[in-house]
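Listed below are the residues making up each chain.
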Amino acid sequence: MKPIIDSTSTEEPVVIMTRIFDVPREVVWEALTTPEHVAQWFGGHGFSSPVCEMDLRPGGAWRHVMRAPDGSEFPVNSVFVEVVAPQRLVWKSQRRVSATETAEVTHTTTLEDLGGKTRWKLVARFADYADRDTSVKMGFAQMVGQGVERLGDFLEKRRSSP
Amino acid sequence: MNAERLTSTLFALADPTRRAILARLSTGEATVGELAEPHEMTLAAVSKHLKVLEGAGLISRGREAQWRPCRLEAAPLRDVSEWLENYRQFWGASMDKLDEYLKTMQKKRRK
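First, a word on what this report is: a plain description of the structure on this page.

Rules used in this analysis
Residues numbered from 1 in each chain as written. Chains lettered and ligands numbered in written order. Predicted model: local features only at pLDDT ≥ 70, side-chain atom pairs only at ≥ 80, totals over all residues. Heavy atoms only, no water. Helix = DSSP H or I, 4+ residues; strand = E, 2+ residues; numbered from the N terminus. Buried < 20%, exposed > 50% of the residue type's maximum accessible area, 1.4 Å probe, protein only. Contact = heavy atoms within 4.5 Å. Areas by Shrake-Rupley, 256 points an atom, 1.4 Å probe, with all protein chains shown as cover. Phe/Tyr/Trp six-rings, centres within 6.5 Å; stacked < 30°, edge-to-face > 60°. Pairing = 2+ DSSP bridges. 1 Å grid on protein atoms, 1.4 Å probe; cavity = no way out; pocket = protein on both sides within 12 Å on 5 of 7 lines; lining within 4 Å. Points joined across faces, edges and corners; volume = space filled by probe spheres on them. Nonpolar A, V, L, I, M, F, W, Y, C, P; charged D, E, K, R; others polar. Axes fitted to C-alpha atoms, helices over the stretch in contact; angles between N-to-C directions. Parallel < 35°, antiparallel > 145°, perpendicular 65-115°, else oblique. Polar contact = N/O pair within 3.5 Å; in protein donor to acceptor, adjacent residues only side chain to side chain. Salt bridge = Lys/Arg side-chain N within 4 Å of Asp/Glu carboxyl O.

When you go through chain B residue by residue, the secondary structure sums to 5 helices and 2 strands. In sequence order, chain B lays out its α and β elements as α-α-α-α-β-β-α. Relative to its 111 residues, chain B shows a buried fraction of 48%. For chain B, the share of sequence-separated contacts (at least 6 apart) that also reach a separation of at least 24 residues comes to 49%. As presented, chain B carries roughly 5700 Å² of accessible surface, and 50% of it is formed by carbon and sulfur atoms.

Have a look at this one:
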């Protein structure tokens, strides 16, 4: 199943992905929160995880090193914010955006029990807008709906057409 | 692109009027007066939006004092778009593999 990108979110700049897994919620939770399992899937095919250590509690660290198919390694350093087994996991990551720069991403994962199946919803918020005022947040809601990408694509086409 | 740059681009794009201004500028340069026209806004209000867009590097403005035409700078939009796309691909690929992995986990549990 392809991830569903929800562009109708009403809060802040986010990427939302959901996926239904054909196993009970406890199994998904275990796969998400146990280092030896996480190392098996994190990054997808071709990627491996030479380091994965999790201190699974609010304020605990998740130290991860990802190895790309070409052998290059990327550290992904995170801190858990909320840990509510088997339904909710929130963590903040420093994510590399270029060779020298990182951005902060807050991930909120919720697992919904569908009776033998599980819906995983991942909400990613980019940077921390907690200090900004409400009107700014409302503005972000508009942006997410209409889409940075759609506008970007539109402008891109404009540029490339004579 | 650093986090601050990403933030300022997202902020600039947050407002529907500013997105409309960018869409208008994608058809060519325009003056503040021309940009204000479809929005029933004062020139001062439009100028505020233009300052935000300029601060985020999404537009540049000419040097002539009176005329100062605005033009679109598309690079920050491309950066945001690419960054979000990479992010989605990462989790899409992770979820694909997790889906397979969960099935093997489930089989082992049943044994």
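Moving on, there is more to tell.
Moving on to the packing of aromatic side chains. Residue and element names in this part refer to chain A. What the rule picks out here adds up to 12 aromatic pairs over all chains. Summarising the aromatic geometry, the rings of W62 and F80 are spaced 5.9 Å apart at their centres and angled 5° between planes, so their arrangement reads as stacked. Taken together, the residues W62 in strand β4 (residues 61-67) and F80 in strand β5 (residues 73-84) connect sequence positions 18 residues apart. You can call W62 buried: its relative accessible area is 4%. Residue F80 is classed as buried on the basis of its relative accessible area of 1%.

Strand residues, when the strand is regular, have side chains that alternate between the two faces of the sheet. Residue and element names in this part refer to chain A. The pairing of β4 with β5 spans 7 bridges and is classified as antiparallel. Its bridge partner lying in β5, R63 is registered against N77. Counted between consecutive antiparallel strands, the loop separating β4 from β5 contains 5 residues, among which G71 sits at a positive phi close to 95°.

Moving on: empty space enclosed by the protein. Summed over all chains, the structure comprises 1 cavity of 30 Å³ or more. Within this model, the largest cavity holds a volume of roughly 60 Å³. What lines the largest cavity is a set of 11 residues, and nearest its centre among them are F42(A), V76(A), S78(A), W91(A) and S93(A). Within the residue set of the lining of the largest cavity, elements represented by two or more residues are β4, β5 and β6 (88-96) of chain A together with α5 (75-110) of chain B. Among the elements that take part in the lining of the largest cavity, β6(A) stands out by supplying 3 residues, more than any other. A per-class count over the lining of the largest cavity returns 6 nonpolar, 4 polar and 1 charged.

Another point: the packing of helix α2 (residues 16-25) of chain B against helix α4 (residues 43-55) of chain B. Residue and element names in this part refer to chain B. In the contact formed by α2 and α4, the axes pass within 10 Å of each other and the chain directions differ by 75°. Relative to α4, the element α2 is oriented roughly perpendicular. Residues T17, R18, I21 and L22 of α2 touch α4, and the partners they reach there are H49, L50, V52 and L53. Taken together, the residues that form the contact of α2 with α4 break down as 5 nonpolar, 2 polar and 1 charged.

Next up on the list: the side chain of R19(A). Within the secondary structure, R19(A) is located in strand β2 (residues 14-21). In this structure the side chain of R19(A) is engaged in a polar contact, spanning 3.0 Å, whose partner is the side chain of D96(B).

What follows covers the pattern of salt bridges. Taken as a whole and assessed by the stated rule, the structure comprises 10 salt bridges over all chains. The residue D96(B) makes a salt bridge to R19(A) at a minimum N-O spacing of 3.0 Å. With D96(B) in helix α5 and R19(A) in strand β2, this pair bridges two chains. Given the relative accessible area of 2%, R19(A) is considered buried. R67(A) is the partner of E73(A) in a salt bridge, and the nearest nitrogen-oxygen pair spans 2.6 Å. Taking relative accessible area as the criterion, E73(A) reaches 39% and is therefore assigned partly exposed.

Functional significance is not addressed by these values, which are geometric in nature.
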